[in-house]
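# Architecture and fold: a report
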Amino acid sequence: MFSGAKSRPFRVYGERSTGSSLSSPQTPPSKKINFKSALESIRVSEQFFLGINVFKVGQNGKLEPALLTLSKDRFVISVLPRKLERTSSSGSSSLLLRPNILRNRIKSTSSTGGDSVDGGTSISETILSTTASNDAVVDIGSIDRIQAGQNTLRFEMARQREKKQSMSPRNFMGIPLLDENRSFSLVFRGAKTMDLMVDDGGDREEILYVLNKIVQEYGRAKLKVGNEVLLLRYIWNDVDRDNSNTINEKEMGELLNRINFQIKEKNHSAVYQKFAKTLGLDKATRKKGLTFEQCVTLLHKTKRDTWQVKPVTQLFYDMFGQFMNNNKVRKKVSATSFLNRFLLTVQGEQNKTLEDVLQIFRGLHGLELADVANHITEKDYISTEHFEAYLLSRGNDIYDPAKEQYKKGDMSKPLSEYWINSSHNTYLTGDQLTSRSSVEMYVKALYRGCRCMELDIWDGGKDEFGNPVPIVYHGHTMTSKILFEDIIKSFQVFLMMHPMTYPIILSLENHCSFPFQQVMAGQLRSILGKNLYIPDEQSLLGDLPSPSQLRGMVVLKGRRPSGATDDYDTDDDAAADDMTEQQSVRTERTSSTRKVSKSVKIAPELAKLTLFHGTKFRTWEESSQTPTYHMHSFSESRVKAFSKSIQCHKWVEYNQTHMSRAFPSGKRVDSSNYSPILAWSTGCQMVALNFQTPDDPIRINDGRFRENGEQGYVLKPPSLLSKEETDPRSAMLEVKILSGSCLPKPGGVSFGECIDPYVIVSLFDCHEGKEVTSSQTTNAVFNNGFSPIWNFEDSFHFQVQNTCVAVMQFAIWDKNPPPKNDEFIASASVPISCMRQGIRSVQLFDANNTRSGAFDFASLLVLVKFEHCQAEI
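Figured I'd write up the structure that's included with this text. Model, not experiment: these values are computed from the prediction. (Residues numbered from 1 in each chain as written. Predicted model: local features only at pLDDT ≥ 70, side-chain atom pairs only at ≥ 80, totals over all residues. Heavy atoms only, no water.)

## Regarding the side chain of Glu156
Examined against the element boundaries, Glu156 turns out to sit in helix 2 (residues 153-163). The side chain of Glu156 sits in the buried core without any salt bridge; Arg159 is the nearest counter-charge, 5.1 Å away. With sequence-adjacent residues up to four places away left out, Glu156 is seen in contact with Ser437, Ser438, Val439, Glu440 and Ile482. (Helix = DSSP H or I, 4+ residues; strand = E, 2+ residues; numbered from the N terminus. Buried < 20%, exposed > 50% of the residue type's maximum accessible area, 1.4 Å probe, protein only. Lys, Arg positive; Asp, Glu negative; His and termini not counted. Salt bridge = Lys/Arg side-chain N within 4 Å of Asp/Glu carboxyl O. Contact = heavy atoms within 4.5 Å.)

Below, the structure written as structure tokens:
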């Protein structure tokens, strides 16, 4: 298929060009692209453009007066400083607050002479800006969510700061007390937050309604445009420095740098002038600059005019033929050929019909793409540009949409039949010894799909009324402390916003004395109310409840028998078994000399709220005879030992009716992670990882739980639910990395040099009770993240040992010269059981598992073949 593709240059214009030449003076006028004005139809109060008084929470938790404004095109939210002046009111000693307008302009002056925002809209007495930082301006396309309340780290710091100060409703500087009912946060670019509180008289609900409506409309509108249009719109305000709504010759270099395509600076002018002349622009128009539509065409031409053969071009010719029946170069393909020569054969999509293809074609014809002469109007044909757009689209993703789709009917099995997205020491923001604890980490984990979270609860002090205050932190370390109550409130807020959430399991590592446990029980009841699952004795009999039965509920894992002292309650207790795990595996019985930590008695008030009762492990035979709500916790080292044991299948059988939880070794003080693959292969449901650490294991976890609509629950494969012991199914896999599209800089930043991307393809697998990892790496493509082409004659071959649990990861890195380390850019992890064969796009995610901002349009194009496949796929 790819013979000779890399060795010969390929011209894209001339007698046998796939694309149409832009050199003809008869080039039609630029096609209008409507995406840039797609949000203007949303009705917004004029106050959003003039500015709404808010208080922004700074990095140190300090409230700072600011002004929230929305650009006229609704694509940009700005939160810029405003200065408060104190003025005495006539006849009164009270203070009136007056905004002091800072005269520094951030945009050009409009025709009316006033300060302007977004292309000449006059704003009087409102623009309050010095030079805006990156975090002072948030693009709608970078917003992951908008959340009400104060569940972020900065709000936590603000509350702590407020407690240390004695403040009246407004202090002498005019800063009000925190009010949760006026507070909200913009969560953007994966991990950043802009935390705001509306000033007195402001309407938070109106702000949330308008901003959410804009974000939703953006989500719909972006499906109707190509990736180049999305990319250009995202960077437009940054590169259009003079706010002329055009890109001139001076701004050309910045545009190319932002898309990660390097041309020597001395050639910027020549490239600009040549392209402008190609469009037939006269000297005056060239000086003024290129319009948005013309810049989209420039991006298309930049990608098209390369000395290398584009993989898409070669694939198009290989499948459909380079020449048509009339001996002209092929520029289009029919629906019938698309079905028979592509979908049914190369892609292996045997269920597709001609009507399916025509529906795909209708969507492609509706896309806003670059304005090129190769216009195809027949509804049953598409152009090469349409074909490329389809290959890179979400609809052609390597992750099988049938697997990714939420399946409500699969949620009625007992909880023991699911893998459950789980985290370890969820409260920590960093390492296990000195990092900060934060309620925000629970909120982040929830939105990342985590449904089992851990709380280490200890006796705190007393409040002003003498009541016990339970706290959460990593005991006997220097990590900071947060309130148990605040964490529970965050769950209730989440459930109010998402009432159909499948059960949230709280793994309570309870170190508290009776009085503090009683307070915990009271707070759980009063805060969660009907959202707290309280099992009765009858419900504890027989199978565990299903996710559907517990929807919208918080479920407790801890200890149920009141006063029990002979059962494990904490990870520390379970980890004590590491000292004798080899002996335990050999004898299936615990050594009498094993170190056992001091047990904590459980208050009846807390015990009766608990479903999952943690017990110590003796033998699988004994464990299998216990009630189904009894469960075990094992450290990662014990998971490895059990997996290599001849008794491993007994653990698999135990996990068919009971629950198990695995957690990282205590030696991982840096909060690094272990691979979840081995534990999953035993049917272990809760494989707890450190969510704060962006490493390969957490990315594997993200890929696994994309399945079933990111609900946090994935039904285990039949082989793990069968009473018969069977050998795992295997497969041979061939992968070719073809090209990339719109790859951002590391972290999605807007500054820095063009990237030199390369791809690491890794298979995370297990075989005979051991983890198996294999990786292969492409060459680096220098100075091109916009449209890199790798040596697609190279094939990577992988032997998959266990198709039920194996996960393949595509990770893009930026090559740096020594001694600087290479930098992670983006990745995608795909379970082999969810992988589709053929020419596929790989939709890429940032380190926080989001596709917002600069990652929204980043993708790879790969070729995948299953050879001698015997897998359950």
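Picking up where we left off.
## A closer look at the nonpolar core
Counting 64 residues, the largest nonpolar core has Phe35, Ile77, Phe184, Leu232, Leu255 and Leu290 as its most contacted members. It is helix 4 (residues 227-239) that contributes the most residues to this core, eight residues altogether. Not counting residues up to four positions away in its chain, the partners in contact with Leu232 are Leu255, Phe292, Cys295, Val296 and Leu299. Formed by 62 residues, the second largest nonpolar core is a distinct cluster that contains Val439, Leu508, Ala521 and Phe642. (Core = buried A, V, L, I, M, F, W, Y, C linked by side-chain atoms within 4.5 Å.)

## Brief notes about the packing of aromatic side chains
The tally for this structure, following the rule as stated, stands at 34 aromatic pairs. Aromatic pair Phe342 and Tyr390: ring centres 6.3 Å apart, planes at 80°, arrangement edge-to-face. A residue pair is termed long-range when its members are at least 10 positions apart, and Phe342 in helix 10 (residues 335-343) and Tyr390 in helix 12 (residues 384-391) qualify at 48 residues. Per residue, the accessibility class of Phe342 equals that of Tyr390, and both read buried. Taken together, a centroid distance of 6.2 Å and an interplanar angle of 80° make the contact between Tyr418 and Tyr713 edge-to-face. In this pair, Tyr418 sits in strand 14 (residues 418-423) while Tyr713 sits in strand 24 (residues 713-715), placing the two residues 295 residues apart along the sequence. A relative accessible area of 0% means that Tyr418 is categorised as buried. Stacked on the ring of Tyr447, the Lys or Arg Arg145 has its end atom at 4.0 Å from the ring centre. (Phe/Tyr/Trp six-rings, centres within 6.5 Å; stacked < 30°, edge-to-face > 60°. Lys NZ or Arg CZ within 6 Å of the ring centre and 35° of its normal.)

## A short note on the sheet that holds strand 8 (residues 137-139)
Reading across the sheet, the seven strands line up as 8-3-2-1-11-10-9 and stay open at both edges, with antiparallel pairing between neighbours. Only two strands of the sheet have a single neighbouring strand rather than two, namely strand 8 and strand 9 (143-148). Pairs of neighbouring strands in the sheet enclose a mean axial angle of 30°, with direction left out of account. One ladder, built from six bridges, connects strand 1 (residues 52-57) with strand 2 (residues 63-70); its direction is antiparallel. From the neighbouring strand, Ile52 faces strand 2, where its bridge partner is Leu68. Here helix 14 (residues 440-447) sits on the sheet and contacts strand 9 and strand 11 (192-198); the angle it forms with strand 9, its principal contact strand, is near 125°. (Pairing = 2+ DSSP bridges. Axes fitted to C-alpha atoms, helices over the stretch in contact; angles between N-to-C directions.)

## Notes on the pairing of strand 19 (residues 554-558)
On a regular strand, one side chain projects to one face of the sheet and the next to the other, so that they alternate. Along strand 19, five of the five residues are buried, which leaves the element largely enclosed by surrounding structure. Residues Val554, Leu556 and Gly558 point to one face of strand 19 and Val555 and Lys557 to the other, with burial holding for every one of them. Judged from the four bridges that link them, strand 18 (residues 504-510) and strand 19 form a sheet pairing that is parallel. Counted as the bridge partner of Leu506 is Leu556 from strand 19. Between the parallel elements strand 18 and strand 19, the chain passes through helix 16 (residues 514-528) in a crossover that is right-handed. (Right-handed = clockwise from strand over helix to strand, strands pointing away.)

Geometric values such as these leave the question of function open.
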